[in-house]
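# Observations on the three-dimensional arrangement
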Amino acid sequence: MALLEVRDVVVRFGGVTAVAGVSFDVEERQICGLIGPNGAGKTTLFNVISGIYKPTEGHVRFAGQAATGLPRHRMAPLGLGRTFQNLALFRSMTVRENVLAGAHAEGHAGFLANALRLPSARREEAIAAEHARSLLALLNLEAVADVPVAALPFGTQKRVEMARALIGKPKLLLLDEPAGGLNHGEVDGLAQLLRDIKRNFELSILLVEHHMNLVMRVSDKVVALDFGKKIADGTPAEVRSDPEVIRAYLGAEAAAHAA
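Keep in mind the model is a prediction, meaning the values are calculated, not measured. (Residues numbered from 1 in each chain as written. Predicted model: local features only at pLDDT ≥ 70, side-chain atom pairs only at ≥ 80, totals over all residues. Heavy atoms only, no water.)

Taken in spatial order, the 6 strands line up as S6-S7-S8-S3-S9-S10 in an open sheet, and their pairing is mixed. Each of the sheet's edge strands pairs with one partner strand only, and the pair in question is strand S6 (80-82) and strand S10 (229-234). Averaged over all neighbouring strand pairs, the angle between strand axes comes to 15 degrees, with direction disregarded. Pairing between strand S3 (residues 31-35) and strand S9 (residues 221-226): 4 bridges, direction parallel. Its bridge partner lying in S9, Ile35 is registered against Ala224. Sitting on the sheet, helix H1 (residues 42-49) touches S3, S6, strand S7 (172-176), strand S8 (204-208) and S9, and the angle it makes with S7 is about 150 degrees. Along the sheet face, helix H7 (residues 184-201) touches S3, S7 and S8 and points at about 150 degrees away from the line of S8. (Pairing = 2+ DSSP bridges. Helix = DSSP H or I, 4+ residues; strand = E, 2+ residues; numbered from the N terminus. Axes fitted to C-alpha atoms, helices over the stretch in contact; angles between N-to-C directions. Contact = heavy atoms within 4.5 Å.)

Tallied over the entire structure, the rule returns 1 cavity of 30 Å³ or more. The calculated volume of the largest cavity comes to roughly 50 Å³. Lining the largest cavity, in full, are Thr83, Phe84, Leu87, Lys158, Glu161, Met162, Asp176, Glu177 and Pro178. Among the elements that take part in the lining of the largest cavity, helix H6 (residues 154-166) stands out by supplying 3 residues, more than any other. Looking at which domains feed residues into the lining of the largest cavity, each of domain 1 (1-79 + 170-258) and domain 2 (89-169) supplies at least three. (1 Å grid on protein atoms, 1.4 Å probe; cavity = no way out; pocket = protein on both sides within 12 Å on 5 of 7 lines; lining within 4 Å. Points joined across faces, edges and corners; volume = space filled by probe spheres on them. Domains from an automatic or database assignment.)

Following this line, the structure appears as structure tokens:
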């Protein structure tokens, strides 16, 4: 059984169909790239998976459980973490504080235990602090751990958001345009970081990204969308050479030449 199952998902906004019957799976410990031109429906589908939108039709299963239409606060405890195309960090807080803010989904001590500083709450805080330290080391953020995120470059802030998502110990990490705004060197570093995260955390990654070279380098499989429909699903090599994908990105003449 796949970790994530998306089945026949349709999303309509009024008379506009943003996603038209899309189905695909993400297996355990797999990096899956979700690609397509602007307006293909990638972000809408991402928002369905992460609980922001409820599909008009179809369903989503995650880790063997029905997840269609679950609110966002219910998704994190199931094991789903997410970053956003537009950063959603607490800009006046330090890097360490931002990362620790993501640990709440793992906490089990409860409000009263935390308010009274009971031993169970202190144990959870110590565990979260140690986990945060290891994440800061992995993502090369130790030197700026106590710096407010507003003072950091955009690429560094992206890594902070990734660390905050990882501290919740997700089974599936949803990354929305992680290469956006990065320079060539930073994209190379991101590719290696994604491989390290997959290996060290034994998790799956669903990656929405316009940077095709990055997607093809790190993904085990790629799903391609165009005008809300799935047009290809396979290995990077298979999708890269698919005539429908070539047509979507380069036009009909290029697709005919490729064929």
